[in-house]
Amino acid sequence: MKKSFIILVAATVGLGACNNFKKGPGGLMYQIHKTEGKDKIVEGDIIKINAIQKTEKDSVTSSTYDIQQPAVFPVSKKQWDGDISDALMLLAEGDSATFKIDLDSMAKHSNQPKPATQKDRYMVFTVKIEKVMHKAAGEADSVFQRKATEFFQKDFQETVAKHKAAETGKIKKFIDDNKLKVQTTASGLQYVITAPGDAQRAGLTDTLMVNYTGKLLPKKSDGKDNVFDTSVETIAKQAGKDNPMAQYGPRPFTLGRAIPGFDEGLKLIGKGGKITMIIPSQLAYGEGGMPQAGITPFSPLAFDVEITDIKKAAAAPAAPAKKP
């Protein structure tokens, strides 16, 4: 497939009482919200799916709706009773459901211990099956793969075209909703400086210590900011992006090593300065996006940035004087 998608498996708003769920194998719990009665998914089918993942306490950890990009992947052979493949095979194209996957069962069968920080019994997903490509009886694998690839490549390109067409509107809505009085550079970067900092500006060899929060412009489906990365621990926790292994606090940057819009914004403030940048996609990740961070093609980004320090590069030692 032209684009590789990582499945962002998922769960729902308002799960209801546990007795509304049916019991499946391996500790699986499920609730089918809608079914259109089509042929069920089987191993080897290629599916397009929208999904939301939540904790048992109803906290969203990932959502394809928030990045406006469904996931596409082949349904693999189930690894154990009650795994995600087992759950998906209860559904067909057009169906939607909520699943609760037993984490203890997952740990047992995957031979990977449940993280010490994971206190929930279940991982909860709500899914909507948007498209299923079935392999016809007797159809050669090569024919099926070519047919599926052509379909999903065309589908992906149509989605990319929609992202491109929507970009200007997303930027305007973000600025209007946040009542920002922006300035615009010749390159298209829009920004608001809330604190200019001192007069010193960073040079190419300097190291800037930066606190930042990066967001997609549309808010998440729960109304919260759509944070994809941050150096601020409290914001990471609020956004469900907290990583126990992360070193939070100001992070080092040198000019020329970030996306162009971020670099340009850093040059506008000094030590102690704060700026909000609205970066169009041509100054960010462009038509390729950055799928591993949940940034789809033609995604404009917003960054709240503070430069806490500018460390000047050490001067090169003077060359020894030549002997007469």
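Predicted model only: the values in this text are computed from it and were never measured. (Residues numbered from 1 in each chain as written. Predicted model: local features only at pLDDT ≥ 70, side-chain atom pairs only at ≥ 80, totals over all residues. Heavy atoms only, no water.)

1. A closer look at the pattern of salt bridges
This is how the line gets drawn: When a carboxyl oxygen of Asp or Glu is within 4 Å of a side-chain nitrogen of Lys or Arg, the pair counts as a salt bridge. Strands here are runs of E lasting at least two residues and helices are runs of H or I lasting at least four, both read from the DSSP assignment and numbered beginning at the N terminus. Only protein chains enter the area calculation, which uses a 1.4 Å probe; residues under 20% of their type maximum are buried, those over 50% are exposed, and those in between are partly exposed.
Here the structure, examined in full by the defined rule, presents 21 salt bridges. Salt-bridge contacts for Asp 155 lead to Lys 48; the nearest nitrogen and oxygen are separated by 2.9 Å. Taken as a pair, Asp 155 in helix H4 (residues 141-177) and Lys 48 in strand E3 (residues 46-54) lie far apart in primary sequence, 107 residues in all. Accessibility classification places Asp 155 together with Lys 48 in one group, the buried group. A salt bridge links Asp 225 to Lys 215, with the shortest nitrogen-to-oxygen separation between them at 3.7 Å. In this pair, Asp 225 is assigned in the loop between strand E10 (207-216) and strand E11 (226-230) and Lys 215 in strand E10, connecting sequence segments 10 residues apart.

2. A closer look at the environment of His 33
Note the threshold: We call two residues in contact when some of their heavy atoms are within 4.5 Å. In protein, a polar contact requires one atom able to donate a hydrogen and another able to accept it; more generally it is a pair of N or O atoms within 3.5 Å, and residues adjacent in sequence count only if both atoms are side-chain atoms.
Structurally, His 33 is set in strand E2 (residues 29-34). A sequence separation of 160 residues divides His 33 from Ile 193, and the C-alpha atoms of the two residues are 48 Å apart. Residues contacting His 33, with those up to four places away along its chain left out, are Ser 96, Ala 97 and Thr 98. For His 33, the side chain forms a polar contact with the side chain of Thr 98, separated by 2.7 Å.

3. Quick word on the confidence of the model for the chain
Filter applied, for reference: For every residue, the predictor states its confidence as a pLDDT score lying anywhere from 0 to 100.
Overall, the predicted model of the chain reaches an average pLDDT of 89, with 90% of residues at or above 70. The low-confidence segment residues 1-18, where pLDDT is below 50, has 56 contacts with residues more than four positions distant or belonging to other chains.

4. With respect to unusual backbone geometry
Phi at Gln 68 is positive, roughly 55 degrees, even though this residue is not glycine. Using a relative accessible area of 34% as the deciding quantity, one classes Gln 68 as partly exposed. In the Ramachandran plot, Lys 179 falls in the positive-phi region, its phi being about 50 degrees despite a non-glycine side chain. Relative to the helices and strands, Lys 179 resides in the loop between H4 and strand E8 (183-184). You can call Lys 179 exposed: its relative accessible area is 71%.

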